[in-house]
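This is what each chain is made of:
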Amino acid sequence: MAKKKRRRGGIRPLALIVALAVLGGVFGLGWYCGVRSTRYHGKILLVNAEHRLPADYVPEGLVNLYQMRHSFRLAKSDIYLTRETYEAAEKMFHAAEEQGMNGFYITSGYRSYERQKEVYAQSKPGEAQEPGASEHQTGLSFDVTAESSSGNFEETEQYGWLMAHAHEYGFIQRYPANKSDITGISYEPWHYRYVGVEAATRIRESGLTLEEFIEKNR
Ligand SMILES: [Zn+2]
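All values derive from a computational prediction rather than experimental measurement.

**Q** Explain the nonpolar core to me, please; I cannot follow it from the model alone.
**A** Across soluble globular proteins, you tend to see nonpolar side chains buried next to one another. The biggest cluster of nonpolar side chains holds 28 residues, and the ones touching the most others in it are F93, F142, L162 and F171. Among the secondary structure elements, those contributing two or more residues to this core are helix 2 (83-98), strand 4 (104-108), strand 5 (141-146), helix 4 (157-165) and strand 7 (191-194). Looking at this core element by element, the count peaks at 7 residues for helix 2. Not counting chain neighbours up to four residues away, the residues in contact with L162 comprise M92, F93, F104, V144, F153 and Y192. Of all hydrophobic cores here, the second largest spans 10 residues; its members include A199, A200, F213 and I214.

**Q** When you look at the pattern of salt bridges in this model, what are you seeing that I'm missing?
**A** Opposite charge on two side chains makes pairing possible when the charged atoms of those side chains draw close. Evaluation of the coordinates by the stated rule reveals 13 salt bridges. Between E147 and R73 there is a salt bridge, with its nearest N and O atoms 2.3 Å apart. Taken as a pair, E147 in the loop between strand 5 and helix 4 and R73 in strand 2 (residues 73-74) lie far apart in primary sequence, 74 residues in all. Salt-bridge contacts for E135 lead to R193; the nearest nitrogen and oxygen are separated by 2.9 Å. One end of the pair, E135, is in the loop between helix 3 (113-122) and strand 5; the other, R193, is in strand 7, and 58 residues separate them in sequence. Of the two residues examined, E135 and R193, each falls in the buried class. Each member of the salt-bridge network shares a partner with another, and the members are E135, R174, R193 and E211.

**Q** What should I look at first to understand unusual backbone geometry in this one?
**A** Across the chain, the bulk of peptide bonds are trans and the bulk of non-glycine residues have phi less than zero. Within the chain, N178 stands out as a residue other than glycine whose phi angle is a positive 60°. With respect to the helices and strands, N178 occurs in the loop between strand 6 (171-173) and helix 5 (180-183).

**Q** Please clarify how the side chain of E188 should be interpreted in this entry.
**A** Along the chain, E188 turns up in the loop between helix 5 and strand 7. The side chain of E188 sits in the buried core without any salt bridge; R111 is the nearest counter-charge, 7.6 Å away. Residues in contact with E188, not counting those within four places in the same chain, are Q173 and Y175.

Calculation notes
Once a new chain begins, its residue numbering starts again from 1 and follows that chain's sequence as written. With the structure being a predicted model, the display of local features is reserved for residues of pLDDT at least 70 and the display and counting of side-chain atom pairs for 80 or more, all residues being used for whole-chain, interface and lining totals. Only heavy atoms go into the side-chain values, all of them from the structure, while hydrogens and water stay out. The criterion is simple. A nonpolar core is a set of buried Ala, Val, Leu, Ile, Met, Phe, Trp, Tyr and Cys residues joined through side-chain atoms within 4.5 Å. Relative accessibility under 20% of the residue-type maximum defines a buried residue, over 50% an exposed one, and the middle range a partly exposed one, all with a 1.4 Å probe and only protein chains included. To qualify as a helix, a DSSP run of H or I must reach at least 4 residues; to qualify as a strand, a run of E must reach at least 2; elements of each kind are numbered from the N terminus. Here, residues are in contact when the closest pair of their heavy atoms is within 4.5 Å. Whenever Lys or Arg places a side-chain nitrogen within 4 Å of a carboxyl oxygen from Asp or Glu, that contact is recorded as a salt bridge. For the purpose of charge, His is not counted, nor are the chain termini; Lys and Arg are scored as positive and Asp and Glu as negative.

Everything listed is a geometric property; what it means functionally is a separate question.
Put into structure tokens, the structure is as follows:
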């Protein structure tokens, strides 16, 4: 009897180790998926103060807009977007041009973590996003203005055209007026975000912010 007991006692630690390893694997996978889902939410990448990108996050396939065919003006020669975002933007601004709507001026695109750090260090408290919290790090966002604009882009006909048509090309106005309590960012009429035509259309029709849309479709 005593012999049997010892043997059983020998098996139990092994069973415990196996069980712990299995549990560890399950929790590890759960944790990994959780981390992935908080950032990606299906196919839509959400970046804000609560959902930051890591310092080493650089989007794949960035293209330099200056080196691509572009139906819009560029504020500088080193503005980058992901290829998909560029292609959608080019299609959109080309369509605008064909409808007689010119004068779009892109001022900003991809912003690296390092660049955000520099901007943050130079700004007053509360003025800039903390590094990793800027949607510009995704390469899916650009800032645009009108060449004729004297500061209030939202008063230009170019802005009106974007408000009516951006979703047809997969873009949303990311920081609408009166939604800063949800987005954490005050009204930015110039900031557009690529989410794809289907999501952009649904977001526009629902009047939701990206945060609310993702929450609702979780
Ligand atoms: Zn912006």
